[in-house]
Each structure stands twice: as C-alpha cells, then as structure tokens.
Amino acid sequence: MVCVRVVTCALLILVAVFAATGCQRSSEGSAGSSASEATSGAADGTVVDQRPARPRPTGYGTVFLSIDECSSFGITSFTEVPCTSERAAARVVARYDGGVAEGPVCPATTDFVLHISEQRPASDEDGDGAVPQGYACMRNLQAPHPGDPGGGGGPRTIVGDCVYSAGRGEVRETACDGKGERKPEYRVTEAVGKRVDCPVSTALYVRLGGERPVGCAKPV
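Computed from a predicted model, the values in this text were never measured in an experiment.

Structural notes on the side chain of Arg-156
If you trace the backbone, Arg-156 turns up in the loop between β10 (134-140) and β11 (162-167). One buried charged residue, Arg-156, forms no salt bridge at all, with the nearest opposite charge on Asp-161 at 8.3 Å. At 2.9 Å, the side chain of Arg-156 and the backbone oxygen of Cys-106 are in polar contact.

Right under this line is the structure:
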C-alpha cells in the first residue's frame, strides 16, 4: 500500500509591524517526456545507437495518482480510483517527485496536497511497480473548494484570501465570509513584485511565492 499524508493549509509569519510572510516557496518544475529511438553519426563516421530513457507510462492504474487521475474519499489515507467511480472525490491537478519544500508550488486553487511515500517492491519484473516519493496537488470534484480565493484553506495563500492574527507575530488563513472558526481581519487584495509596489493603504504584507511574491493585505 502506498502511504499518503494530506496538507490543507499554510502558516504565515509576521516579519514587522503590520507586515507578514508566508511559508511558500517556488521553483521551476519539470515533467518527463518520451522520445523515439534515434541514431546519429559519431566523429569517425560510425553510426551510434542512441536509446532514450523509458517514457513514463500514463493512464489509470499505471502511475499512482498521476495528473488527471482521481482519489477516493479519506481522512488519513487515500486510494486511487477511476474518475468515473462514485467513490471518486478529488482529481490530481499537478504531480511532482520529491518533497514539497524542495519542489514547485501547487497551482493556486489547489484544495489540498497528498504527500506520497516511496515504495519499491522487492519483486518487480519491469520496474513499473516502483512509486517514488512525491506529492500530488488535489482539487475536489465537488464544492466546497477551500483553495478558492477566500475559501479559508488550501496549501497556498492567494489574492482574495483572508487571514487573522494567531498571536506571537503569526497570522493564519480563514474564510472571508466569516463562517470559519475565526473571523477574518485582513484580505489579500493584490499581488506585486515588491512591497513598495503595494498601495499606501496596505496594512499587511504576505509572501505568496511565484512571480509576484508579495501580497498586499488590507483590514476587513
């Protein structure tokens, strides 16, 4: 069985008076690609056979929780199921190998992240049974979508989200409609490249990651 862990929200840290930063990091991702077998001439005219790496297989049941595949309902564990199944609950919108801290950030409206443990069967004829450590960015098939702007959850803080003071210089995300456990105190209204680009009415700066990493937040 492949083990998974779920992460649904991020913690933001205040760095100065009326200023905060989040826990997001970004980096460029990479995706596997297939290539046809080819030949080329060596310096002495000898034809050299170039064999590309085996393409990564796709399709339900081939790669555990690959892009556009679906998972079942779960609290502590999840199972891959066909997206047409009545058990299907969420779809993979992005999939990366390695750990979240070192890898690319999930798409903005990701609802939660599944952390997938490495699995390498002792007996595997063609190697397809191995599952590398990685993480899957998940989007619920039906509402609610905590990753949407103002939804009060998701692994990323984005424009439209609200936060509240959690004490000790920390703020946490909460639903903007006030229906969450805590009332919203600030709303992220804009994403810019630098703090100086925020409006003068900005009361809180939130690190969002990505190309425009600074979130300008105002009181609500």
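Some thoughts on the pairing of strand β13 (residues 186-192)
The side chains of a regular strand alternate, residue by residue, between the two faces of the sheet. Inspection of the sheet shows β11 paired to β13 by two bridges, in the antiparallel sense. If you follow Val-163 over to β13, its bridge partner there is Tyr-186. Here β13 runs beside strand β15 (residues 214-219); their pairing, made up of six bridges, is antiparallel. When the bridges of β15 are listed, Glu-190 appears paired with Cys-216.

Describing the environment of Gly-180
Of note, Gly-180 is situated in the loop between β12 (170-174) and β13. For Gly-180 and Gly-151, which are 29 residues apart along the polypeptide, the C-alpha to C-alpha distance reads 9.3 Å. If near-sequence neighbours (up to four positions away) are discounted, Gly-180 is found in contact with Thr-174 and Ala-175.

A closer look at the packing of aromatic side chains
Applying the stated rule across the entire model yields two aromatic pairs. Look at Phe-78 and Phe-112: their rings are 5.8 Å apart centre to centre, the planes differ by 25°, and that puts the pair in the stacked class. Taken together, the residues span a long stretch of sequence, with Phe-78 in the loop between β6 (70-72) and β7 (80-81) and Phe-112 in strand β9 (residues 112-116) at a distance of 34 residues. Neither Phe-78 nor Phe-112 differs from the other in exposure class; each is buried. Centre to centre, the rings of Tyr-96 and Tyr-135 are 5.4 Å apart; their planes meet at 45°, and the pair counts as tilted.

Remarks on the state of the cysteines
All chains considered together, the criterion is met by four disulfides. Through a disulfide, Cys-70 is tied to Cys-83; the S-S separation comes to 2.0 Å. Judged by the sign of its S-S torsion, about 100°, the bond between Cys-70 and Cys-83 is right-handed. One end of the pair, Cys-70, is in strand β6; the other, Cys-83, is in the loop between β7 and β8 (88-97), with 13 residues separating them in the sequence. Accessibility expressed as a relative area gives 27% for Cys-83, which makes it partly exposed. In the protein chain, numbering the disulfide-bonded cysteines from first to last in sequence yields the connectivity 1-2, 3-4, 5-6, 7-8.

Looking at the pattern of salt bridges
Across all of its chains, the model carries three salt bridges by this definition. Arg-95 is paired through a salt bridge with Asp-97; the nearest N and O atoms lie 3.8 Å apart. The salt bridge involving Arg-139 is made with Asp-111; its shortest N-O contact spans 3.8 Å. In this pair, Arg-139 sits in strand β10 while Asp-111 sits in the loop between β8 and β9, placing the two residues 28 residues apart along the sequence. Looking at Asp-111, the relative accessible area reads 1%, which means it is buried. Bridged by salt links that share partners, the residues Asp-111, Arg-139 and Asp-148 form one connected network.

The rules behind these values
Residues numbered from 1 in each chain as written. Predicted model: local features only at pLDDT ≥ 70, side-chain atom pairs only at ≥ 80, totals over all residues. Heavy atoms only, no water. Helix = DSSP H or I, 4+ residues; strand = E, 2+ residues; numbered from the N terminus. Buried < 20%, exposed > 50% of the residue type's maximum accessible area, 1.4 Å probe, protein only. Lys, Arg positive; Asp, Glu negative; His and termini not counted. Salt bridge = Lys/Arg side-chain N within 4 Å of Asp/Glu carboxyl O. Polar contact = N/O pair within 3.5 Å; in protein donor to acceptor, adjacent residues only side chain to side chain. Pairing = 2+ DSSP bridges. Contact = heavy atoms within 4.5 Å. Phe/Tyr/Trp six-rings, centres within 6.5 Å; stacked < 30°, edge-to-face > 60°. Disulfide = S-S within 2.5 Å.

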